[in-house]
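# Coordinate inspection notes
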Protein chains: 4
Amino acid sequence: MGMRAAIAGASGYAGGELLRLLLGHPELEIGALTAASSAGSRLGAHQPHLPQLADRIIEDTTADVLAGHDVVFLALPHGHSAAVAAQLGTETVVVDCGADHRLADPAAWQEFYGGEHAGTWPYGLPELPGQRDVLRGATRIAVPGCYPTSVLLALFPAFAAGLAGPDVVVVAASGTSGAGKSLKPNLLGSEVMGSVSAYGVGGGHRHTPEMEQGLSAVAGTPVRVSFTPTLAPMSRGILATCTAPAAPGVTKESLRAAYEAALKDEPFVRLLPEGVWPATAMTYGANTAALQVTLDERAGRVVAVIAIDNLTKGTAGGAIQSVNLALGLPEELGLPLTGVAP
Amino acid sequence: MGMRAAIAGASGYAGGELLRLLLGHPELEIGALTAASSAGSRLGAHQPHLPQLADRIIEDTTADVLAGHDVVFLALPHGHSAAVAAQLGTETVVVDCGADHRLADPAAWQEFYGGEHAGTWPYGLPELPGQRDVLRGATRIAVPGCYPTSVLLALFPAFAAGLAGPDVVVVAASGTSGAGKSLKPNLLGSEVMGSVSAYGVGGGHRHTPEMEQGLSAVAGTPVRVSFTPTLAPMSRGILATCTAPAAPGVTKESLRAAYEAALKDEPFVRLLPEGVWPATAMTYGANTAALQVTLDERAGRVVAVIAIDNLTKGTAGGAIQSVNLALGLPEELGLPLTGVAP
Amino acid sequence: MGMRAAIAGASGYAGGELLRLLLGHPELEIGALTAASSAGSRLGAHQPHLPQLADRIIEDTTADVLAGHDVVFLALPHGHSAAVAAQLGTETVVVDCGADHRLADPAAWQEFYGGEHAGTWPYGLPELPGQRDVLRGATRIAVPGCYPTSVLLALFPAFAAGLAGPDVVVVAASGTSGAGKSLKPNLLGSEVMGSVSAYGVGGGHRHTPEMEQGLSAVAGTPVRVSFTPTLAPMSRGILATCTAPAAPGVTKESLRAAYEAALKDEPFVRLLPEGVWPATAMTYGANTAALQVTLDERAGRVVAVIAIDNLTKGTAGGAIQSVNLALGLPEELGLPLTGVAP
Amino acid sequence: MGMRAAIAGASGYAGGELLRLLLGHPELEIGALTAASSAGSRLGAHQPHLPQLADRIIEDTTADVLAGHDVVFLALPHGHSAAVAAQLGTETVVVDCGADHRLADPAAWQEFYGGEHAGTWPYGLPELPGQRDVLRGATRIAVPGCYPTSVLLALFPAFAAGLAGPDVVVVAASGTSGAGKSLKPNLLGSEVMGSVSAYGVGGGHRHTPEMEQGLSAVAGTPVRVSFTPTLAPMSRGILATCTAPAAPGVTKESLRAAYEAALKDEPFVRLLPEGVWPATAMTYGANTAALQVTLDERAGRVVAVIAIDNLTKGTAGGAIQSVNLALGLPEELGLPLTGVAP
């Protein structure tokens, strides 16, 4: 006990998931809850699955309210984090669950998001080579996007081992919570149920440069990603199919061996038994990734498929995992390994 | 009136969809209904959405029962069609909704299905270049697989115009009816709802050689397909994301122009307005395909996304479309253009 | 051909379903399409499942635009129909798909809807005793609410035969399209999927007095309904469980006989074989009702369960059925008997 | 630590949920895992959401394997528990998650289940008046059915306070996991998705006498329940709408006061704020019930609506709650209060 965490954006889906996990975290106490339009209302009106916090009142998102916490999670729309973070001292671990501090390249930021680049923070994906060292003791953390989390975890072992070429193709299906609580017609239940749809096709999705940045760093050479996201009729979960040309000489055995080596000590990334392919239900509500890889010998491509929960490992759980490192706590503290199924 | 159609496999999903459509077909009357294990029962016990046929009794699938019809639809498990068809004369149009007569290459048949190759029948995808002439007057028709229907429709315009290279990557999401009424644990509602899962990954899905066969014919050169199917929490629908390297010099404009030219007279394949991407709900219960294409300039790939209803355009509707051609009827007769939405 | 129908509210779910059915109606041509906030846009932007109408432009809902049609369907929010209808002459059949003209009792209107009562029009449920005569030649039609359609069809045979007492309890599950395209948080896919919820509990739902009005008329005595609606994770469909005290001496046999007698000539209401209970999938997209009834001898109650498609039989199909009568056309014209399943 | 629990039926849905919860229980260690047809296989093949136990081998369900544990959970088909339990000594807490030991009346057992009555064990619903005392120190526990759990929690405060009469009507919607992993056609995803269906209508559902037994005991007078279960397109959750005639003089205020008094110290049953109605999503994966009650003044009925997770509070969580009491542990130990949403 003792350390306190504030959540800005407590009425949204990412905020709710942070609270769900923090309620089970033995070292982080829940402090201030803030939001924009829902300030002044009870948390229970927005997060009825969290009865312990039902009567907590949501405050306005201001530096005054957020100050004095050990950790501040910012689950805000893109473009809102930098201004808040600037008012918080470096004694506070500030965690940006939005996109503002993910991209190192200002030009990529400008192309995909527009506006001024807020700068780059340590990237909160501990599984990437060397990244745990970066995160230990960090006071600013950029939580990866949910899609990049899935794609980087699925492909980094192949690129780190030099087994894949740079022409990556990713198609991912996401549950609707990835789009947040936005009141858009295409997110209505009547539209979503019984239908899978594509969006952001052709290289325009904002997570594309983030995937390229991460894979290029691991590969040591520029990697291009053709990324197509789709929306599936489920609330949670990402299933990403990630393929890349196989390097000459790669075999199914060498590929699996590389993945086994890369992942053998990872607490949250599970390489499934051979022949078993991921389903998002394997990771529902858990901070885990379920991963499988094979070589498509006919087509000469590495094919890795990964399932995560976009709100847990893809957002709130991944954020807390990085915070644990930043605070010097055990990395796995308070993070569920078990999913809820069926 | 006057022409009669028998349906073998009337208690399954493909059989039910054939019946639904034939009930609205002005020139084909429904004759014998047959099945294997459900022979002797009322059709209403299996297809409660077809009240007009509720009291029809299902018979055994024998040549005697099927004989004397103008059209016989075989909606049987793989490997069962050839023996039945051999007993039906060439005055009968025999339509194989299974895989037995799709592949021209016996080696591919052997590799993906095993057992003896039953031979090749005219391929029932009228939209492929020159294929309408093949189907007019045909007495044997091989209905394409549901995934190949989607992929061939999505990519043939690019290959026919020489705008795409042969390294194709396809990831498709299918509704569960594509797996039929099989009593398998992974098809239970409890497992399927709220979850997207991958299967048949790495080049092993049986529809892969069928896609390669069709695209190679259009391209005039061997095309390889890396195909990953996924199961989505919906009963019907396929959304296929199909990408291929862009040929040198291709622009978004030239790509769209090629698709517009290829599809302008197609009654069932709709190129969506620019910026609109397909959703399976657009085609629910309809014999249509909703298609969009763009150039991913960053990654240098053509990206085509297509939605169909796997049971309608992907199976039963596509079958009737080909039968209309075979019988000299208008191609569009009795086939719904409107989907059921939301 | 020859008769033309205008649709006011063409961009909504009821409007879309009217258009889907009218596209298959042999005697009604689609005329003007109007709406409020979506006026000026292409219909295809709102109803992408209706490709034939994709390029039609939606106009403003004004009497000028609607005038000159043989039929005008008003699929407008409550309170908007009366003003429009007042400007349309009695040579036009005006069909109110909203609630404005359903209730005969101004006090009930005042209590449940508030504001001035717009008056009562012929009630568009042809199956009710004597109602076909009322609807033949009518020039104004009040389309029943979707829930009352289901409940009245399920219970009128019992009350008409004097087999049920007036203490009715109804619990119904509806798909989300019943709530329209409203942008409310509780209708988001993320909230709806995987969850059943109650609303309007305790006698407050606006469809309650409409059920009581209809059942009381059939029973010849006041009937009270305790009605609880729930929202289920599906786009379409209502399943209503309707119970009432069994009158003394009622047996399972006499109950079934009464239902068989009442429904034997009904084209759209199917009494299922004994032992088969309704599922909404039986009626998806069809103008049918699937109904079963039994006697709970332990509890002394008649239990009738009914499934309809809330948008088809529950709104647009029921409306067209009544219009067919009003125009002197065959009642079943253009209305689908087959559902889309699975 | 120290106490060990065996699970018989570890490959099923109830078994999986027991394991998920026990993995988070600080005082109960997971011992032997047994099953029938899946004996010999890895648990990971059946419960892929429990990675910590993936490599555990399932054993045959025999007394030898189950002996020596402090607690044995029997998650077996009806009729299998008594024989196993007879071989386990009274030093073991035996928990029957099936129906065998729920009913006190042998005639009711005979009527609804058939075969010999196995006897009655302490009923594992601690919230019922006086029931905690019965469960403390018990060595045999009959876990209530999932539907009775919901109905008894929803109505006991009204009956205990004398505010409701004995003519109860219950309609409940359940997720498909309530039917277990049975390979039945009506449980296939294709059939379930997009559809709500009724079953066991008319007083025949086996949970009916259990509801009557519990309510009659609380009321001190025989209570009759007309119960209609329905299957909803979701994996988990029950929403039960429970109505009963209001006793003379009951007001909304007196009703709410009675519920507040009855539930104020309950850790797992939440009376929602006035005006808020339950959704199953509020309790997904949690051992909680979300409850609301009102008086339908028009119809003169008490209407209580309750949401639970059928696998958690409705089965495995409820079982562990009772085991905590039996073992002298804090009742809430290891049981989640937070649901997983959205």
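Residues numbered from 1 in each chain as written. Chains lettered and ligands numbered in written order. Predicted model: local features only at pLDDT ≥ 70, side-chain atom pairs only at ≥ 80, totals over all residues. Heavy atoms only, no water.

## Thoughts on the interface of chain C and chain B
How we decide: The contact definition used throughout considers only heavy atoms, calling two residues in contact when any of these lie within 4.5 Å. Put simply, buried area is the surface a 1.4 Å probe can reach on two separate parts but cannot reach once they are joined, added for both. For this document, the term salt bridge refers to a Lys or Arg side-chain nitrogen within 4 Å of an Asp or Glu carboxyl oxygen. Here a polar contact is taken to be a pair of N or O atoms separated by no more than 3.5 Å, where protein atoms must pair a possible hydrogen donor with a possible acceptor and residues adjacent in sequence count only if both atoms sit in side chains.
Counting residues at the interface gives 26 residues for chain C and 26 residues for chain B. With both chains or domains summed, chain C and chain B bury close to 2,200 Å², and 65% of this area falls on carbon and sulfur atoms. Broken down residue by residue, the surface that chain C buries against chain B is led by His-49, Val-340 and Pro-342 of chain C, which jointly contribute 28%. Linking chain C with chain B are 0 salt bridges. At the junction of chain C with chain B, the criterion picks out 10 residue pairs in polar contact (both at pLDDT 80 or more).

## Comments concerning helix H9 (residues 252-263) of chain C
All names here are of chain C. Condition: Each helix corresponds to a stretch of at least 4 residues labelled H or I by DSSP, and each strand to a stretch of at least 2 residues labelled E; elements are numbered beginning at the N terminus. Expected helix span is taken as 1.5 Å per residue step, with the number of steps being one fewer than the number of residues. Summary of the burial criterion: residues with accessible area below 20% of their type's maximum are buried, those above 50% are exposed, and those between are partly exposed, where the area comes from a 1.4 Å probe applied to protein chains only. This arc is taken over the directions from the axis of the helix to the C-beta atoms.
With 12 residues, H9 extends 17 Å between its outermost C-alpha atoms, agreeing within 8% with the 16 Å of an ideal straight helix rising 1.5 Å per residue. Of all the positions in H9, only Leu-255, Arg-256, Ala-258, Tyr-259 and Leu-263 are classed as buried. Summarising the axial view, the buried residues of H9 lie within an arc of 155 degrees, below the 170-degree limit, and thus occupy one face. Along its buried surface, H9 packs onto helix H6 (146-160), strand S11 (269-271), strand S12 (289-296) and strand S13 (301-308).

## Topic: the UniProt feature "active site" (unreviewed entry) in chain A
What counts, and what does not: UniProt positions are given in the numbering used here, feature names are shortened, and annotations may be inferred rather than shown by experiment.
Summarizing the sequence annotation, UniProt attributes the feature "active site" (unreviewed entry) to Cys-146 of chain A in the numbering used throughout. Ignoring any residue separated from it by four or fewer positions in sequence, one finds Cys-146 of chain A in contact with His-207, Ile-238, Ile-308, Asn-310, Gly-314 and Thr-315 of chain A.

## Observations regarding the domain arrangement of chain A
All names here are of chain A. The condition is simple: Domain segmentation is taken from an automatic or database assignment of domains.
Assigned domains within chain A: domain 1 (3-143 + 315-327) and domain 2 (147-308). Taking only C-alpha atoms into account, the centre of domain 1 sits 24 Å from that of domain 2. At the junction of the two partners, domain 1 supplies 23 residues and domain 2 supplies 25 residues. Overall, the association of domain 1 and domain 2 removes approximately 2,000 Å² of surface from exposure, summing both partners, and the carbon and sulfur fraction of that is 56%. Among the residues of domain 1 in contact with domain 2, Tyr-13, Phe-112 and Glu-127 are the three that bury the most area, contributing 31% of the side total. The interface formed by domain 1 and domain 2 includes 3 salt bridges. Between Glu-266 and Arg-132 there is a salt bridge, and its shortest N-O distance comes to 2.7 Å. On inspection of domain 1 and its partner domain 2, the count reaches 11 residue pairs in polar contact (both at pLDDT 80 or more). If you list the elements that add at least two residues to the side of domain 1 that touches domain 2, you get helix H1 (13-22), helix H4 (106-112) and helix H10 (312-326).

## Details of the sheet that holds strand S10 (residues 238-245) of chain C
Residue and element names in this part refer to chain C. Defined as follows: Between any two strands, at least two bridges found by DSSP are needed for them to pair. Between N-to-C directions, angles span 0 to 180 degrees; the directions come from axes that are lines fitted to C-alpha atoms, helices contributing only their stretch in contact.
An order of S8-S9-S7-S10-S13-S12-S11 is seen for the 7 strands of this open sheet, with the pairing classed as mixed. Each edge of the open sheet carries a strand with a single partner, namely strand S8 (197-198) and S11. Where strand S7 (residues 167-174) and S10 come together, 6 bridges link them in antiparallel fashion. Across the sheet, the residue bridging to Ala-173 is Leu-239, located in S10. In the packing of helix H8 (residues 208-219) onto the sheet, contacts are made with S7 and strand S9 (224-231), and the angle to S9 comes to roughly 135 degrees.

## Here we look at the environment of Val-171 of chain A
If you trace the backbone, Val-171 of chain A turns up in strand S7 (residues 167-174). Taking relative accessible area as the criterion, Val-171 of chain A reaches 7% and is therefore assigned buried. As a C-alpha pair, Val-171 of chain A and Gly-202 of chain A span 31 residues in sequence and 11 Å in three-dimensional space. Residues within four places of Val-171 of chain A in sequence aside, it is in contact with Thr-228, Thr-230, Leu-239, Ala-240 and Thr-241 of chain A together with Val-171 and Thr-241 of chain B.

## Side note on the UniProt feature "domain: Semialdehyde dehydrogenase NAD-binding" (unreviewed entry) in chain A
In the numbering adopted here, UniProt assigns the feature "domain: Semialdehyde dehydrogenase NAD-binding" (unreviewed entry) to residues 4-138 of chain A. Structurally, residues 4-138 of chain A comprises 24% helix and 17% strand, and the distance from its first C-alpha atom to its last is 17 Å.

## Structural notes on the interface of chain B and chain A
Contact with chain B, which involves 48 residues of that partner, is made by 48 residues of chain A. With both chains or domains summed, chain B and chain A bury close to 3,500 Å², and 61% of this area falls on carbon and sulfur atoms. Three residues stand out in chain B for area buried against chain A, namely Val-196, Val-201 and Arg-298 of chain B, and they jointly supply 19% of the buried area on that side. The interface formed by chain B and chain A holds 6 salt bridges in total. Glu-111 of chain A is paired through a salt bridge with Arg-298 of chain B; the nearest N and O atoms lie 3.6 Å apart. Where chain B meets chain A, there are 12 residue pairs in polar contact (both at pLDDT 80 or more).

## Some words on unusual backbone geometry
In this structure, Pro-342 of chain A follows Ala-341 of chain A across a cis peptide bond, with omega equal to 0 degrees. With respect to the helices and strands, Pro-342 of chain A occurs in the segment after H10.

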